[in-house]
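Here is what each chain is made of, one letter per residue.
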Amino acid sequence: MSELGQQRCRACSAEAPKLTEPEKQQLMPEVPDWQLVVRDGEEQLQRVFTFKNFVQAQAFTNKVADLAEAEGHHPAILLEWGKATVRWWTHKIGGLHKNDFIMAARTDELY
Ligand SMILES: C[C@H](O)[C@H](O)[C@H]1CNC2=NC(N)=NC(=O)C2=N1
């Protein structure tokens, strides 16, 4: 289990700073299966999880949703047959916060 995967989200305000490039580069090795993407001008962490069928993808999606609600920090999830694409970013700052890396690591532990 990665050190990030043992952490919990810290409530952040709209004034919280986005992670700097060095901070992101330091954190990326802890979530090696995730990629940085930009959607609607906002940087996000994305990973595609694959499964044998829709039901397994749905069950994983539900686990991620439960984790998100428990942490008060929510992803975008695209559920398809055999796939679940998860994207983490912090809406209120329009980019990436350490919380998003924590949640990506916590998501990996559900897979
Ligand atoms: C009021 C509510 O707690 C906030 O809107 C939370 C909900 N979940 C959230 N999830 C994410 N990813 N980013 C947020 O800024 C965010 N804010």
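So, how was this worked out
Residues numbered from 1 in each chain as written. Predicted model: local features only at pLDDT ≥ 70, side-chain atom pairs only at ≥ 80, totals over all residues. Heavy atoms only, no water. Near = heavy atom within 4 Å. Polar contact = N/O pair within 3.5 Å; in protein donor to acceptor, adjacent residues only side chain to side chain. Areas by Shrake-Rupley, 256 points an atom, 1.4 Å probe, with all protein chains shown as cover. Nonpolar A, V, L, I, M, F, W, Y, C, P; charged D, E, K, R; others polar. Phe/Tyr/Trp six-rings, centres within 6.5 Å; stacked < 30°, edge-to-face > 60°. Helix = DSSP H or I, 4+ residues; strand = E, 2+ residues; numbered from the N terminus. Buried < 20%, exposed > 50% of the residue type's maximum accessible area, 1.4 Å probe, protein only. pLDDT = per-residue confidence, 0-100. Salt bridge = Lys/Arg side-chain N within 4 Å of Asp/Glu carboxyl O.

**Q** Where do I start with the site of the ligand in this structure?
**A** All residues in the neighbourhood of the ligand are listed as Gly72, His73, His74, Trp89, Thr90, His91 and Lys92. His91 places a polar main-chain atom, nitrogen or oxygen, 3.0 Å from a nitrogen atom of the ligand. Bound to the protein, the ligand loses 60% of the 390 Å² it would expose on its own. Among the residues forming the shell around the ligand, the class breakdown is one nonpolar, five polar and one charged.

**Q** Could you clarify how one ought to interpret the packing of aromatic side chains in this entry?
**A** The geometry of an aromatic ring pair comes down to the distance between the two centres and the angle between the two planes. Scanning the entire structure with this criterion turns up six aromatic pairs. Geometrically, the ring pair formed by Trp34 and Phe49 is edge-to-face, given 5.8 Å between the ring centres and 70° between the ring planes. Taken together, the residues Trp34 in the loop between helix H1 (21–27) and strand S1 (35–39) and Phe49 in strand S2 (residues 42–50) connect sequence positions 15 residues apart. Judged by its relative accessible area of 4%, Trp34 falls in the buried class. When the ring of Phe51 is compared with that of Phe60, the centres are 5.2 Å apart and the planes differ by 40°; the resulting orientation is tilted. Accessibility assignment for this pair places Phe51 and Phe60 in one class, buried. Through successive ring pairs, a cluster of aromatic residues spans Trp34, Phe49, Phe51, Phe60 and Tyr111.

**Q** Sorry if this is basic, but what is going on with the confidence of the model for the chain here?
**A** Should the pLDDT be low somewhere, the predicted coordinates at that spot are not to be read in detail. Mean pLDDT over the chain stands at 95; residues scoring 70 or higher make up 98%. At the level of chain-chain contacts, confidence expressed as ipTM amounts to 0.95, with global pTM at 0.95.

**Q** Explain the environment of Glu109 to me, please; I cannot follow it from the model alone.
**A** In this fold, Glu109 is placed in the segment after helix H3 (98–108). Measuring from C-alpha to C-alpha, the distance between Glu109 and Thr61 comes to 13 Å, with 48 residues separating the pair along the chain.

**Q** What am I meant to see in the pattern of salt bridges here?
**A** Two side chains bearing opposite charge may form a pair once their charged atoms approach each other closely. Counting across every chain of the model gives seven salt bridges. One salt bridge connects Glu43 with Lys24, and the closest N-O pair in it is separated by 2.4 Å. A residue pair is termed long-range when its members are at least 10 positions apart, and Glu43 in strand S2 and Lys24 in helix H1 qualify at 19 residues. The exposure class assigned to Lys24 is buried, which follows from its relative accessible area of 4%. Across the salt bridge formed by Asp108 and Arg47, the nearest N and O atoms sit 2.6 Å from each other. Linking Asp108 in helix H3 with Arg47 in strand S2, this pair joins segments that are 61 residues apart in sequence. Here the two residues Asp108 and Arg47 agree in accessibility, since each one is buried.

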